[in-house]
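Breakdown of the fold
The chain contents come next:
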Amino acid sequence: MRVGVEVGGTFTDLVAIEDGRVRVAKVPSVPARPDEGAMASLAAGGIDLATVADLVHGSTVATNAILERKGAPVALLTTRGFRDVLFLQRHNRTQIYDLFYKKPEPVLARRDILEIDERMNGQGEVVEALDETATAAQLAEFLGTGRYKSVAICLLNGYAEPKHERQLAALVAKQFPDLTITCSADVTREFREYERTSTTTLAAYVQPVIDSYLRRFESQLAEQKFTGRFSIMQSNGGRLPVAGMSRNAITSLFSGPAAGVMGAVRQAGLSGYGDLITLDMGGTSTDVCLVADGKPNLSGETEVDGLPIRTPVLDIVTVGAGGGSICWQDDGGMLRVGPESAGADPGPACYGRGGTRPAITDAHMVRGTIRAEEFLGGHMDVDKDAAANVFKDLSENLDMSLEETADSAVRVADANIVGAIQLVSTERGRDPRDYVLVPFGGAGPLHAARVAEELDISTILVPPNAGVLSAYGLLASDFLQYETLTRRIALSEGEAAADQVQTLFGEMLDRITRSFRDLGIMDDLTYSYSLDMRFIGQAFEITVDIDADLLPGMTAGTLLELFNEAHNRVFSFGESGMHRAEIVSFRLGASAAPEVVPALNEGISDKVVKGQTQIFDRGEWRQCVLLSRAAIALETNGVPGPALVEDGTSTIFVPNDWTATVDDQDNILLKWKD
Amino acid sequence: MAVNTVDQAVISQGLIAAAREMGVKLVRSAYSPVVREANDCSAALMDRFGNVVAQAELIPMQLGPIGATFRPCADLFPTDTLVEGDFYINNDPFQGGQHLQDVFLFSPIFFQGVLVGFGATVAHHLDLGGGAPGLNPDARDVHQEGIIFPPSKYNMDHDWNGGPLERLVRANIRVPDQTIGDFNAQFAANGIGGARVQDLCARFTPDVVLEAMDELLDYSERRMRAAISELPDGVFYGEDFLDDDGISDEPLRIQARVEIKGDTVIVDYEGTCDQVATNVNCPYASTVAAGLSCVKSVLTSPDIPFNEGSKRAIEVRAPYGSILNPRRPAPVRARMLSAYRAYNAVMKALAPTAPEKVIASGFDSTEIIVLSQLGVDGYQIYLEILGGGYGASNQGDGCDAVDSPLSNCSNVPVEAMDMEYDYFRVEDYSLVPDSGGAGRYRGGLGFQRRYHILGDNVTFATYSDRFRLAPEGLFGGADGVCASTQVLRGDEIINLPSKVSFPLLKGDILVARTGGGAGYGEPGERAEDDVARDLEEGFMSRAEAAE
């Protein structure tokens, strides 16, 4: 049996697959002790751990440790003169007119930072050698207080030559064998000291937390006779055997959204779709990600609580538009939705838990696109009158009827989602019309069609069991690791440049293969190569994917061509001169597919429901067909909109001019008659 | 025809998103460190009359008066004569421009042959010729500061892309690859804004988009006026001083009279000193930007989109021939310094009537550091913009070590410098303890950078302020600590003034230390926890805490 357990903020989801049979379970999370929720989900799913061969786990443990400042007491060792890098940050403000501006707070204090006498230059040559005797004495005093559990080591230009970081790590390990040590060179080897120091410090901060969480988890598994493989989901869209987490805890941040994307990729792939835009709309926000040819876009940077992290992550853009997002009017009279959210508690007014401001879920209830009797498959009581009541003030101020107000709010939320999709598509030089929209999460399928219309997207694919797609994504994801390295190489060096690319990728490949071997994964590794390049003088790089087949015969000319194409796509201009372009960073990904990739197309209710209902859409009440998922399958020519498809944990809205069909993978396809 | 609520919201968000995208792409594709690392550039979308409708929030200073920079171009070359590929260019400080380095480019946006708006960008160009690389502190007129592009119209195909204008510019500047690259990044960003507006026109029809642009201006105006109305009517005065003009030691007075009347504000700089011989003169457009930015920051939530509409309620006047509205051909390169005092004067005027909304004075200066070296392969220029500590407020301590309020430049990472420049190395980049003025809330700390000079023939050029006159505390708070620049040469310590050019020797250590912000409220009212934390963290020394 294969089991995925995803611990989210509100619910813990489980997907178990055995001989093609799918079981799902959803239990409340236990925020203070995520493993309890996970164990509860195993119990609820009736899983006998002794029979589980493959268990994949995703959780918010790392993210919460940072957000709640509950990581391990961490010390930072850095180069003399650069103690304040984490406080100086980048010297800019994210709100330019905010007089009371505060910088994001680092996870450690200034007194937790020790300066070491040493210096490398930008070429990785030693300018000032590290004096081991003097340093050892310094460390003895600083770390001897017993105040710290974890030590981050990030030296200036350590990305170019990690020798001094290694020396320091050895000195610390010798004197303080119990401390967790994290070197920047093992986390990210990219230049820019603030971002790298921030990444390294956060990695050191969460590492002991993850270590002890996983130890506890593993011992509970052992008690229940689990002998299978246990792996952990990462933010890059892949998993790692649990042993791999002992060096990579930082990659487990934001694993939930990444798992959702991977689930969507796999399920859409079964129907032959590889170019996707995923739309995961939950209670407080919507996550979108662009997937090209089955591969989600990666980003080299992300942040948590305003603190930068430089490791490859899925390029997921989040916008504050979810079921709980508040609908309001600003002091200039404009109708707004979010970013404030009613969250899960009190939640939208219709939950009857004290919510007094109109939320998007309330708006759907008022316009009839969510029916009280079928909310969460009929498992939750909601109050339609309360939803209508909270829209009264807003509708009076806007001089519109209740349903017009609700309908307008939904359209404003749609516009916010459209904006997020434009960030990952048009802004990255990708045309959304070339992609299939894949909505999931509770509210995604309700908004998808109207969002698609705004972007001129004509196909939507709604996966089955969309409410547990993240847990499924855990099972569907590959084993995956990345190596990054900053090394500047000018293309003007011609073939010498191309040779260096081969050599460096060769070295990185050795390292990553060894690392996988240590984790017991040796077979059929697939590699992906990319270079971050720029025109000389530019400070930001563009990622250029290099086809593995093209690599052996790579010339400087081809590299320039590939780079120019990518630069043009994003920035609408390029340059022709070879002397003007350079490589800055290298990225190598290695992945191994799991033995079996199960489908999610089982365990769907076969209840056939067909009826009528009224919805208010685009300014008028419309008579609308009401169906269950199983009922669509019976319609050989598909179901024309307007229609509402109630699908357990979510509702699919099929507007006019759209037709819904079910394909042989149990995906529902919506096609726009444009 | 009124645009419906939803379309208005969607188009407004679309315009704001497009302007933001223009800004992001301009920064990310630019070549010179001052644009790409320091983000010294701005972008905006304008309606067909040249009113700024939406802007990327990058540098407040460049954003206020984009319309004023546009108008002289349109007066000379009417918008109805424009064709595809045309663009306006202007950097003339005496015709709506700021300092020469900020070159404004405006590209018309057509939809089905009809003019629907303009994409506008401005970037600080690293070098535009003139008497010295990057910065000429000795300039005594604007001509010594670089090339002037008077308000003009050119065409991309005809004049740029290898055409006569590009060739002329290339021949007259010191680092042509970087500068031309930055121009191209500006043109491309304008094009991206244009494409997004065209998409909106295709979805909503041009009439609806134009209507929505008008409404977005009215919307910002309404919100700005509503915020102003909350303050009681009255006339308030504030003043601040520049240290000096770089020649004499005479402080330079900047005075503001701020009149709040119903839903309007009039800022009048009557009483401000006359223009001076050096580059601290502030062109009128910059003065307007400073006054507007202060009123906007103090009175309104950061959420109100800043555009031409929000400016309708505010009038800024400055006497012609004063340091805030100089006559041609005054040098203006360091106009930010006077602009900051114009900003401080308004802030101080508003303090008594809006004590919870203002902050104490901060370092509030732009400190420019230029290190240049002429080698066999031409010039290398390092230019960086340093801020300091923010003033404290009644909400908390001032922000430590951040760019000053009218600007928003990022630092250049030391590792980026180590990659790029071999004639110096930064050996220390740290907060300056005790530099924030004490108070119930303390001022933000300044910071220092130590540059070790590794090569010969390196020239240092700078301008800064608050070396002698400290930022004043508010409501009992203490003043912030002044900035300083020193050269350590062997056993010798050379104290440099704030506005100077100075030849450096190999082995010299240049220490640039920026100032802290002033405190807010009586120091005795400071919470014990805050004092303890400052002590423990070393933000404050024991001696300082005892006081």
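Residues numbered from 1 in each chain as written. Chains lettered and ligands numbered in written order. Predicted model: local features only at pLDDT ≥ 70, side-chain atom pairs only at ≥ 80, totals over all residues.

Okay, the overall build of chain B next. When its secondary structure is counted, chain B shows 14 helices and 19 strands. A globule of 547 residues ought to have a C-alpha radius of gyration of about 24 Å, and chain B, at 23 Å, matches this closely. Taken over the C-alpha atoms alone, chain B extends approximately 70 × 65 × 40 Å along its principal axes. Sequence separation of 24 or more characterises 75% of the internal contacts of chain B that already satisfy a separation of 6 or more. (Helix = DSSP H or I, 4+ residues; strand = E, 2+ residues; numbered from the N terminus. Rg over C-alpha atoms; globule rule 2.2 N^0.38 Å. Contact = placed C-beta atoms within 7 Å.)

Let us now look at the pairing of strand β9 (residues 264-268) of chain B. Residues and elements named next belong to chain B. Only one face of β9 is covered, namely the face carrying Val265 and Val267; the face carrying Thr264, Ile266 and Asp268 is uncovered. Two elements, strand β8 (residues 252-261) and β9, share 5 bridges in a ladder whose sense is antiparallel. Looking at β9, one finds that Val258 is bridged to Val267. The antiparallel hairpin formed by β8 and β9 contains 2 residues in its connecting segment, where Gly262 sits at a positive phi of about 60°. Bridge count for β9 against strand β10 (residues 314-317) is 4 bridges, and the pairing is parallel. From the neighbouring strand, Val265 faces β10, where its bridge partner is Ile314. (Buried ≥ 20, exposed ≤ 12 C-beta atoms within 10 Å, placed from the backbone. Pairing = 2+ DSSP bridges.)

What follows is about the interface of chain B and chain A. Each side of the interface is counted separately: chain B has 62 residues, and chain A has 52 residues. At the level of elements, α1 (5-29), α2 (33-36), α7 (176-204), α8 (206-229), α9 (284-299), α12 (414-420), β13 (424-431) and α13 (528-537) of chain B are the ones that each hand at least two residues to the side of chain B that touches chain A. It is α1 of chain B that contributes the most residues to the side of chain B that touches chain A, 10 residues altogether. Residue composition of the side of chain B that touches chain A, grouped by class: 25 nonpolar, 19 polar and 18 charged. (Nonpolar A, V, L, I, M, F, W, Y, C, P; charged D, E, K, R; others polar.)

Residues and elements named next belong to chain B. According to the domain assignment, chain B consists of domain 1 (5-219) and domain 2 (359-547). Once you take the C-alpha centre of each, domain 1 and domain 2 turn out to be 32 Å apart. Listed by partner, the interface residues are 20 residues for domain 1 and 20 residues for domain 2. Class assignment of the residues belonging to the side of domain 1 that touches domain 2 gives a composition of 13 nonpolar, 2 polar and 5 charged. (Domains from an automatic or database assignment.)

Take the nonpolar core next. Grouped burial of nonpolar side chains is what soluble globular proteins tend to show. The biggest cluster of nonpolar side chains holds 378 residues, and the ones touching the most others in it are Val206 and Leu437 of chain A together with Ala342 and Val346 of chain B. With 6 residues, the next largest nonpolar core counts Phe363, Phe467, Ala470 and Val481 of chain B among its residues. (Core = buried A, V, L, I, M, F, W, Y, C linked by C-beta atoms within 7 Å.)

All names here are of chain A. Spatially, the 4 strands line up as an open sheet ordered β6-β5-β9-β10, and their pairing is parallel. Edge strands, defined here as strands with exactly one partner in the open sheet, are β6 (113-116) and β10 (180-183). Direction aside, neighbouring strands of the sheet carry axes that sit 20° apart on average. Bridging between strand β9 (residues 150-153) and β10 involves 4 bridges; their strand directions are parallel. Counterpart to Val151 in the pairing with β10 is Ile181. (Axes fitted to C-alpha atoms, helices over the stretch in contact; angles between N-to-C directions.)

What follows deals with the environment of Phe479 of chain A. Residues and elements named next belong to chain A. Structurally, Phe479 can be placed in strand β25 (residues 479-490). Taking the C-alpha atoms as reference, Phe479 lies 7.1 Å from Pro594; in sequence the two are 115 residues apart. What Phe479 contacts, discounting residues up to four positions off in sequence, is Gly238, Arg239, Leu240, Ile521, Ser591 and Ala592.

Let us look at the sheet that holds β10 of chain B. Residue and element names in this part refer to chain B. Reading across from one edge, β7-β8-β9-β10 is the order of the 4 strands in this open sheet, with mixed pairing throughout. Across the chains shown, the open sheet's two edge strands, defined by having one partner strand only, are β7 (234-242) and β10. Shown here is a sheet whose adjacent strand axes are inclined to one another by a mean of 15°, direction ignored. Here α9 sits on the sheet in contact with β9 and β10, set at roughly 140° to β10.

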